[in-house]
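# Analysis of the macromolecular model
As a plain string of letters, each chain reads:
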Amino acid sequence: MKYLIVGLGNIGPEYHETRHNIGFMAVDALAKDAGVSFTDGRYGFTATLSVKGRQLLLLKPSTYMNLSGNAVRYWMQKENIPLENVLIVVDDLALPFGTLRLKGKGSDAGHNGLKHIAATLGTQNYARLRFGIGNEFPRGGQVDFVLGHFTDEDRKTMDEKLKTAGEIIKSFCLAGIDITMNQFNKK
């Protein structure tokens, strides 16, 4: 069974490890933990790992956030991966930093990456792992906040949160979304 795990983010050194790139950071941590590396391909960087007989294709789109759907659709079609085996890892302003929530579907909540994926796929019924980045910014400061870097306080628990995100991703592929939500969304 194949799964497409998409970490959302923006390419380029100016976006490296910004809050908006937490999706990239999550799939990077999973790849590093598995000892696999990314290669540059069409519409993004990919790495493949195997977890108990399941093949996980990790994707970091190179389309920039606002065109993420192009990369998701391309790799789904190229690898013949059904929508129910797709998981999008995305930053979420509505959750406190480090809070992880798995959902089977939902709105884009104003997130341009999710908005483009839904428009491209023609549905909002795809799984997403929402990684909380908090919302400690003044009125009108949202863009600077999401494109800003994590605080030193956030960085203290970053590795632990990324490790948990990796566990959720693996569980999604092995046990399914319902069991995984029941196990991890309470934390």
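Residue positions are given per chain, counted from 1 along the sequence in the order it is written. Per-residue local features are limited, in this predicted model, to residues with pLDDT of at least 70; the limit for side-chain atom pairs, both in listing and counting, is 80 or more; totals at the level of whole chains, interfaces and linings are taken over all residues. To get the side-chain values, take all heavy atoms of the structure and skip hydrogens and water.

## Digging into the UniProt feature "site: Discriminates between blocked and unblocked aminoacyl-tRNA" (unreviewed entry) in the chain
UniProt positions are given in the numbering used here, feature names are shortened, and annotations may be inferred rather than shown by experiment. Listed under "site: Discriminates between blocked and unblocked aminoacyl-tRNA" (unreviewed entry) in the UniProt record, and renumbered for this structure, are Asn-10. Runs of E in the DSSP output that reach at least two residues are strands. Runs of H or I that reach at least four are helices, and both are numbered from the N terminus. Summarising the element assignment, Asn-10 is placed in the loop between strand S1 (2–7) and helix H1 (22–34). Working definition: with a 1.4 Å probe on protein chains only, accessible area under 20% of the residue-type maximum means buried, over 50% means exposed, and in between means partly exposed. On the basis of relative accessible area, Asn-10 is assigned to the buried category, the value being 8%. It only takes one pair of heavy atoms within 4.5 Å for two residues to be counted as in contact. Sequence-distant contacts of Asn-10, defined by excluding residues within four places in its chain, comprise Tyr-15, His-20, Asn-21, Phe-24, Tyr-64, Met-65 and Leu-147.

## Describing the environment of Leu-87
In this structure, Leu-87 sits in strand S5 (residues 86–92). Of the residues examined, Leu-87 reaches a relative accessible area of 0% and is grouped as buried. Sequence separation between Leu-87 and Val-27 is 60 residues; the distance between their C-alpha atoms is 11 Å.

## Some remarks on the side chain of Asp-91
Structurally, Asp-91 can be placed in strand S5. Charge counting follows a simple rule: Lys and Arg are positive, Asp and Glu are negative, and His as well as the terminal groups are ignored. Any carboxyl oxygen of Asp or Glu that lies within 4 Å of a side-chain nitrogen of Lys or Arg is treated as forming a salt bridge with it. The buried charged residue Asp-91 lacks any salt bridge, with Arg-19 as its nearest oppositely charged partner at 8.9 Å. In protein, a polar contact means a hydrogen-donor-capable atom and an acceptor-capable atom, both N or O and within 3.5 Å, with residues adjacent in sequence counting only if both atoms are side-chain atoms; elsewhere, any N or O pair within 3.5 Å suffices. There is a polar contact of 3.0 Å between the side chain of Asp-91 and the side chain of His-20. Within polar-contact distance, the side chain of Asp-91 engages the side chain of His-111 at 2.9 Å. In this view, Asp-91 contacts Arg-19, His-20, Ile-22, Met-65, His-111, Phe-131 and Ile-133; residues no more than four positions away in its chain are not counted.

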